[in-house]
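# Structure at a glance
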Amino acid sequence: MDQETMIALGKSGAYCAIALSAVGSSIGTGIAGTSALGAWKKCYVYGRPPPFQLAVFTSAPMSQTIYGMILMTLIVNKIQDGAAAYWPVFLAIGIAGGIAMGTSAWFQGVAGAGACDSFAETNKGFTNNLMILGIVETVALFAMVFGIVLLNSIKT
Amino acid sequence: MLNMTQQTMIEIGQAGAFMSVFFASIGSTLGTGIAGAAAVGAWKKCYSQEKPAPFQLAIFAGTPLSQIIYALIMMILINKKVLEVGGFQNWHFCLAVGILCGIGLGVNAWFMGIAAAKCCDSFADTNKGFTNNLMVIGIMETVALFVMVFAIILLNTVKVPGIVEAVVK
């Protein structure tokens, strides 16, 4: 395989990290967002003040896209340092890491939807709910950090 | 496949190492997502009924995270095996162990999340049986530990081919 093809495949893997985590973030924010809208609607119907904090729960699954970007930047840096021959590793880390972070965002959205419903109805437990979202977030952080650990074992 | 270069074999072996983290993290996500949603629901019930919300539900929701740490240990060990002298020849084995160990850990985390969801519901309703519930979670965790430890035992039986060792000496 020539050098240019290897660079292209490695960089494709790098972009997979951000693209796949963005798909998960879209699904997660979509699920949590519709739940927040429904919860706010209930508040308006019953004449209660709509809590602004639901926007925080809705935006929680966005962070995975940022982790995807960090992974992408690090993979591209490795390729630019002359490690293009390791393209299968970059492709695997990009695709697998992206799917892992995307799934985390998706299920964080599911938990966030529950948090929106709960907080709008009771107006209690904001930090408790946020803690649960933090636990789901940790999975994405682990996926990113362990991917970086493996990337750093590649010597140029 | 027979024409594979040494570097390609190392790369595929390293990709296999990351597969353990990948599959385990999918399972942990499913587990924490399911248990987390149950914890949020259980807290909501507590607030609605003016009962104190038990903090321990966060512990139940966080239990499926440990499998990723086991996967990290596997990733480091597989990576080390691939990178040692002549280790690239075991790339098929490293790929298989990475994928299978990851799936084992992931499925364990997933079902631990389902059990943890039940624990959240039970503990929020009754405020009793925290240690009993945690014991059941611990039993499930043991399966993940077994998966990791037995994979490490198998990994340690893989030796570099004698001829390679002789060349190195």
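Residues numbered from 1 in each chain as written. Chains lettered and ligands numbered in written order. Predicted model: local features only at pLDDT ≥ 70, side-chain atom pairs only at ≥ 80, totals over all residues.

### Quick look at the overall build of chain B
What chain B contains, in helices and strands, is six helices and zero strands. When the helices and strands of chain B are placed in sequence order, the string is α-α-α-α-α-α. Over its C-alpha atoms chain B spans a radius of gyration of 21 Å, topping by over 25% the 15 Å that the globule rule assigns to 169 residues. Oriented by its inertia axes, the alpha-carbon framework of chain B measures out at about 75 × 25 × 20 Å. Look at the contacts in chain B between residues 6 or more apart in sequence, and 86% of them connect residues 24 or more apart. (Helix = DSSP H or I, 4+ residues; strand = E, 2+ residues; numbered from the N terminus. Rg over C-alpha atoms; globule rule 2.2 N^0.38 Å. Contact = placed C-beta atoms within 7 Å.)

### Looking at the overall build of chain A
Secondary structure summary: chain A contains five helices and zero strands in total. Written out in order from the N terminus, the α and β elements of chain A read α-α-α-α-α. In summary, chain A has a C-alpha radius of gyration of 19 Å against a globular reference of 15 Å for 156 residues, an excess of more than 25%. With the principal axes as the frame, chain A shows a C-alpha extent of 65 × 25 × 15 Å. Residues counted as buried form 56% of the 156 residues belonging to chain A. (Buried ≥ 20, exposed ≤ 12 C-beta atoms within 10 Å, placed from the backbone.)

### Structural notes on the interface of chain B and chain A
Between chain B and chain A, the contact holds 36 residues from the first and 34 residues from the second. Looking at the side of chain B that touches chain A, the element that brings in the most residues is helix 1 (residues 6–48) of chain B, giving 27 residues. Residues of the side of chain B that touches chain A, tallied by class, amount to 21 nonpolar, 13 polar and two charged. (Nonpolar A, V, L, I, M, F, W, Y, C, P; charged D, E, K, R; others polar.)

### Quick word on the nonpolar core
With 108 residues, the main nonpolar core has C116(A), F18(B), A39(B) and C120(B) as its most contacted residues. For C120(B), the residues in contact, after removing those within four places along its chain, are A35(B), A38(B), A39(B), A42(B), L57(B), F60(B) and A61(B). (Core = buried A, V, L, I, M, F, W, Y, C linked by C-beta atoms within 7 Å.)

### Observations regarding helix 3 (residues 63–83) of chain A
Its 21 residues give helix 3 of chain A an end-to-end C-alpha distance of 28 Å, which sits within 8% of 30 Å, the value for a rise of 1.5 Å per residue. Turning to helix 3 of chain A, the residues buried within the fold contact helix 1 (3–45), helix 4 (87–122) and helix 5 (126–152) of chain A. (Expected span 1.5 Å × (residues − 1).)

### Looking at the confidence of the model for chain B
Confidence in the prediction of chain B, expressed as mean pLDDT, is 89, and 92% of residues score 70 or more. Across the predicted assembly, pTM comes out at 0.82 and ipTM at 0.73. (pLDDT = per-residue confidence, 0-100.)

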